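# Examining the three-dimensional arrangement
As a plain string of letters, each chain reads:
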Amino acid sequence: MTTLPTVSRRQGRGGRERILAAAAQLFATQGINATGMEQVAEQAPVSKRTLYAHFRTKSDLVIAHLQDLTSTGRTVESALTREDVPARERILGLYALPPADAAPVRGCPFIDAAAEFPDPQSAVHSYAREQKLLMVRLVTSLVTGLGCREPAALAEQLVTLADGAASRAMVLGDADYGRHARAAAEVLLEHALPGTNQ
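The paragraphs below set out a description of the structure included in this document.

Criteria and thresholds
Residues numbered from 1 in each chain as written. Predicted model: local features only at pLDDT ≥ 70, side-chain atom pairs only at ≥ 80, totals over all residues. Heavy atoms only, no water. Helix = DSSP H or I, 4+ residues; strand = E, 2+ residues; numbered from the N terminus. Contact = heavy atoms within 4.5 Å. Buried < 20%, exposed > 50% of the residue type's maximum accessible area, 1.4 Å probe, protein only. Polar contact = N/O pair within 3.5 Å; in protein donor to acceptor, adjacent residues only side chain to side chain. Expected span 1.5 Å × (residues − 1). Arc of directions from axis to C-beta.

## Observations concerning the environment of Ala114
- With respect to the helices and strands, the residue Ala114 is situated in helix H6 (residues 109–116).
- Leave out the neighbours within four places in its chain, and Ala114 touches His125 and Ala128.

What follows is the structure, given as structure tokens:
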């Protein structure tokens, strides 16, 4: 799940940043395919010429939007790379609740984007797939470090829980839905840790 930036109307802010903030708001509230490039330009606000100077195509804008979410830590996956947090808590961070003022409740932005660009050969779908594969690699590394049994299978189970919780939270409009997946993840981790019964 993601948090949304606020579109600033201040003149001092760069056009690219305003475009990305506008796209994030519009994509979250009405979907990617339902959002037109002209609408993004109007919301930013920038001229269409400026918009297309930064992003030649809608796909370019969508990928930049997803990259921006990742680089600014506005996805649940960002919990996995926090070196100041113990490994087990990083994993459980996948099920963390979004801020109370985060609205609307959205699912995983990568799954959302892949669903709206269903062709697996499309640039957007490919980028989304790369991020989901990276997510499972990060979790595999963390559970391996914890000494968990069958780390690859466990990692797939944990990320499936996270993706499922994010999707259900969006469909049900329930920002608190991650608690169910966290409870299941805690059981999986407990049973996979060394010294526990198989």
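## A word on the side chain of Ser126
- Residue placement: Ser126 occurs in helix H7 (residues 123–145).
- Ser126 sits in the buried class, given a relative accessible area of 18%.
- Engagement of the side chain of Ser126 in a polar contact is seen with the backbone oxygen of Pro120, the distance being 3.4 Å.
- For Ser126, the contacting residues outside a window of four places in its chain are Pro120 and Gln121.

## A few points about helix H8 (residues 151–172)
- With 22 residues, H8 ought to run about 32 Å at 1.5 Å a step, and its terminal C-alpha atoms sit 31 Å apart, in line with that.
- Listed in full, the buried residues belonging to H8 are Leu154, Ala155, Leu158, Val159, Ala162, Asp163, Ala165, Ala166 and Ala169. Looking straight down H8, one finds its buried side chains confined to an arc of 165°; they lie on one side. Among the exposed residues of H8, those pointing more than 90 degrees away from its buried face are Thr160 and Val171.
- Note on H8: the residue one or two positions beyond its end, Gly173, has a positive phi of about 65°.

## Side note on unusual backbone geometry
- For the peptide bond that leads from Ala44 to Pro45, omega is -20°, which places it in the cis range.
- Positive phi, close to 45°, is recorded for Glu150, a residue that is not glycine.

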